[in-house]
Every structure is written in structure tokens, then in C-alpha cells.
Amino acid sequence: MNQPKQPIWTKDFLSISLVHFIVFVIFYTLLTTLPLYVINELGGSESKGGLVVTAMFITAIIIRPFSGKILEQGGKKNILLVTVVVFTISTFGYIWVDAFVPLILLRIFHGLSFGILTTATSAIAADVVPDARRGEGLGYFTMSMNLAVVAGPFLGLTLTQFVSYQFLFVLLSCIMAAGTLSALLVRPKEVPKASAGERSKMKVQDLIEKRALPIAAVSSLVAFSYSGVISFISVYAEELGLASVSSYFFLVFAVTMLLSRPYLGRLFDARGPRIVIIPCLFIFAAGLGLLSFSESTVSFLISAGLIGIGYGTLLPSLLSLSVQAASPERNSYATATFFMMFDLGIAAGSFLLGIVVTYTGFSMLFAGSAVFVILLCGLFHFMLEKKKSSAAKRWMQQGAESSSR
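Residue positions are given per chain, counted from 1 along the sequence in the order it is written. Local features in this predicted model are restricted to residues of pLDDT 70 or higher, and side-chain atom pairs are both shown and tallied only at a pLDDT of 80 or more, whereas totals for entire chains, interfaces and linings draw on every residue. Here the side-chain values reflect all heavy atoms present in the structure, with hydrogen atoms and water set aside.

UniProt positions are given in the numbering used here, feature names are shortened, and annotations may be inferred rather than shown by experiment. The Subcellular location (unreviewed entry) comment attached to the protein chain in UniProt states, word for word, "Cell membrane".

(A) Region of interest: the overall build of the protein chain. When its secondary structure is counted, the protein chain shows 13 helices and zero strands. The secondary structure elements of the protein chain, listed N-terminal to C-terminal, are α-α-α-α-α-α-α-α-α-α-α-α-α. The contact rule is simple, with two residues in contact once any of their heavy atoms fall within 4.5 Å. For the protein chain, long-range pairs separated by at least 24 residues make up 85% of all intrachain contacts whose partners lie at least 6 apart in sequence. A helix here means a DSSP run of H or I that spans at least four residues, while a strand means a run of E at least two residues long, and both kinds are numbered starting from the N terminus.

(B) Representation of the packing of helix 1 (residues 11–40) against helix 4 (residues 100–128). Running from amino to carboxyl end, helix 1 crosses helix 4 at an angle of 155 degrees, the nearest separation of the two axes being 10 Å. The orientation of helix 1 relative to helix 4 falls into the category roughly antiparallel. Note on packing geometry: the crossing formed by helix 1 with helix 4 is left-handed. In this structure, helix 1 uses Asp12, Phe13, Ile16, Val19, His20, Val23, Phe24, Phe27, Leu30, Leu34, Tyr37 and Val38 to contact helix 4, whose residues at the interface are Phe100, Leu103, Arg107, His110, Phe114, Leu117, Thr118, Thr121, Ser122, Ile124, Ala125 and Val128. Gly is put with the polar residues, along with every residue not named as nonpolar or charged; the nonpolar set is Ala, Val, Leu, Ile, Met, Phe, Trp, Tyr, Cys and Pro, and the charged set is Asp, Glu, Lys and Arg. Residue composition of the contact of helix 1 with helix 4, by class: 17 nonpolar, five polar and two charged. In this analysis an axis means a line fitted to C-alpha atoms, helices contributing only their contacting stretch, and an angle means the value between N-to-C directions, from 0 to 180 degrees. Comment on the angle field: the value is read as roughly parallel under 35 degrees, roughly antiparallel over 145, roughly perpendicular from 65 to 115, and oblique elsewhere. Take the far helix as the reference: if the near one is turned anticlockwise from it by less than a right angle, the crossing is left-handed, and if turned clockwise, right-handed.

(C) Geometry of a nonpolar patch on the surface. Side chains of Val101, Leu105, Ile108, Phe109 and Leu112 sit close together on the surface and give an oily, nonpolar patch of about 440 Å² of accessible area. Position of Val101 relative to the elements: it lies in helix 4. Buried means the residue's accessible area, taken with a 1.4 Å probe over protein chains only, is under 20% of the maximum for its type, while exposed means over 50%, and partly exposed covers the values in between. Taking the relative accessible area as the measure of exposure, Val101 reaches 55% and is therefore exposed. Only residues whose relative accessible area exceeds 30% and that form no salt bridge enter a patch; like-charged residues are grouped when within 9 Å of one another, and nonpolar side chains (Val, Leu, Ile, Met, Phe, Trp, Tyr) when within 5 Å. Per-residue and other accessible areas were derived by the Shrake-Rupley procedure at a 1.4 Å probe size, with only the shown protein chains allowed to occlude residues. The term salt bridge refers to a pairing of a side-chain nitrogen on Lys or Arg with a carboxyl oxygen on Asp or Glu at a separation within 4 Å.

(D) Spatial organisation of the packing of aromatic side chains. Under the pairing criterion, centres of Phe, Tyr and Trp rings, with the six-membered ring standing for Trp, must be within 6.5 Å; the plane angle then separates stacked pairs below 30 degrees from edge-to-face pairs above 60, leaving the rest tilted. Enumeration over the complete set of coordinates arrives at 23 aromatic pairs. Seen from their ring centres, Tyr94 and Phe169 are 5.8 Å apart, and the 40 degrees between their planes marks the pair as tilted. Remark: Phe169 occurs in helix 6 (residues 165–183) and Tyr94 occurs in the loop between helix 3 (76–93) and helix 4; sequence separation between them is 75 residues. You'll find Tyr94 and Phe169 in the same group, each marked buried. Linked through ring pairs, Phe24, Phe27, Tyr28, Phe57, Phe87 and Phe114 together constitute an aromatic cluster.

(E) View of the side chain of Ser144. Locating Ser144 in the fold gives a position in helix 5 (residues 134–159). Exposure remark for Ser144: the relative accessible area of 8% places this residue in the buried category. Side-chain atoms alone can form a polar contact between residues adjacent in sequence; in general such a contact is a pair of N or O atoms within 3.5 Å, and within protein one must be able to donate a hydrogen while the other accepts it. Within polar-contact distance, the side chain of Ser144 engages the backbone oxygen of Phe141 at 2.5 Å. Sequence-distant contacts of Ser144, defined by excluding residues within four places in its chain, comprise Ser17, His20 and Phe21.

(F) Examining the state of the cysteines more closely. Disulfide: a pair of cysteine sulfur atoms within 2.5 Å of each other. For the structure on display, the rule yields zero disulfides. Free cysteine: Cys377, not disulfide-bonded; nearest cysteine sulfur from Cys280 at 10.0 Å. The buried category is assigned to Cys377, whose relative accessible area is 6%.

Following this line, the structure appears as C-alpha cells:
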């Protein structure tokens, strides 16, 4: 007789997903509006506008390796509440900052809380999702971040046409305050903790979960490929004469992701990672390939749909594999390792591809990214085969030991 499925949509899951969504709405709204604020309101240059974006990324990446240890020592619920309050206070800070140097200092401070907070929300989500439905559940959870990619820039760029930046900052602060209230409702599972003596020692494994590192490295390469899309899609659309439809790119991305995510998440849980991740890598590559020679609105938006299905499924699937690779008490470390590598991929890609595109042009850049993603299919296949071979050897060794007894 079939056992009833354990529910995903619990109060804890809904609450932590809402916190995650709000945090990333704030993040992406500021990501797209602060450069304009620096240039238009503070009289800064384009390079200073870019620096306010980079400052938060850098500090978030620096704190990521330590966030697993912080969560273990402080407890996931306690650290969630502390960091969500600090993140909220930082958001309120934008209301009063009216000079470039204080703004950079605020961004550095904001990035520290962002790096720990988003690790905490992801680790707690992995805890509250049933193990048998982790691929599906984390798929829904990471959807909140992908939806924020659309909601944040839309909110910021639309409102700044009609209201002042100070009004926008006040609104974002109020929204973040609601996220703080949502965090109070979360009750994460308690997992076994290391002894006090063990917790006091700082070791390499307190910075990186080695078992999650191979999959996290793949996520970094996927993020590297995707960074060209988020960094240059609006400029590329303008070059193609499609500036009027560029705002619909991420809308189509979000819709196709929403439609495909439930089915692909269940398929991941039922049939394993290979049948989902490898096809989605090919779909992602196809989307980048189509984007590279798009000349019409139709092909431009079809590429958005393919990228939404492919890339939109890869992030939660790879996160689920990273968490599964570690023991339950190392959940926080696995999550921190995953997002550290993911952030590095985005940051490195935005910088390096920005250099490459000056020599190749956008079309060749996206075509090259498509080829790179196809090569990742071979890398991931090799990793799965190696893992299968290692598991088989362990099984044979265990069998030999049992026979000798």
C-alpha cells in the first residue's frame, strides 16, 4: 500500500520561502536602482555605480565560508533572527545615506548579513522539506529567488519613474520589516550538534563541506555561464533593436520556470539527478545558442523560455545534490559551500565575460557560453559515473567483510 506523501507546503516552509523571497526582492531592487541613484542623485560616475553593486557581492562571498560554522554555533533559528534584523536595519539605512563613501560602507555591512542570512534560509528550507521530496521542495524554494529576479528590478525601475529614491528606500524597508515578522514563525528542525570542544576548533571543514564541493563546483560553472545573461541581456537587446521587449525576457523566464518546476522537481525525486540535470543542461545550452543569433522578438523570447526551463531547474537540483552529499548535521556547511561557489561563478563571470565581450561581441559570447554548458554535460556525467563506481566498490568491500565473518 502506498504511503501518503509528507507535505511540503507547511507553515515553516511557507514562512522561510517568504523570507527568502523578500530578501532577494530587496537585493535585486537595490542591485538595479543603486547605480542610477549614485549617478543621478549623488553625482557619481558609472564606475562608482558599479562599485556599489560589487561591494555587497564581495563581502557576501567572503562571509559565506564562515556562515556554516556561525549557524552551527549559534543555532539556525537564532542566527536567522539576528541576521534578518541586521539586514532590515541595513535596508533602513539607505533612507539617510546621502554620500558615496557612507553608501559603500553600508553596502559592505549589508553584504555580511546577506551572506549569512541567505545561507540560513536555504539550510532551514533543506531541513523542513521531507527528505523523499527534497528535489521538488527545494525546487519550489529556489523559485522564490528566481521570481525575485523579475519582481525586484520591475519594482525598482517602475517606481523610480514616479517617486523619489527616498520613498523607494522607505517602501523596501517596510517590506523587509514584514520579512522579519515572517522569520519569527519559522521552527527549523534540531539536528545533532558537535561537542563544545569540537565546535571551538576551527578546521578546514568548518569553512568548506568537502563532500558538497564537486557539485558546488559544477554550480559555479553553471552560474558563470548564466552571468552573461543577467549582466548583458538589456545591452544586447538594445544592440538588436529589441530594447522595447527586453523587460519581457525575465518575465518569460519566470513563467516557463513556474510551469516546468513542479514536474521536473518530482521527476528528480522519483528518477534521480541524471534524467533531470543532463537534459536541462542541454536545454540551457540551446537557449544560449538561440540567444546568440536572435534577430526577432520571437526568437529572443523563446530563448528566454528555454533558459528559464534549463537554468531555472539546474539551481535547485544542484543545491539538493549538495545537501544530500553531506550528513544532516553538516547541512549548513553544504549550503554555505554551494552558495559560496555559486556567488563566485556569478561574480567571476560578470567580470571576465565583460572583458571577453569587448573582443568577441555579444553574439559570440552567448554562442561560446552554449558550447561551455554542453561541455558541462560531459563533466557531470563523469562525476555521476565516478560516484556510482565508488558506491559499487564500497558495496563489494562490505560484502567481502560480511563473508569473512
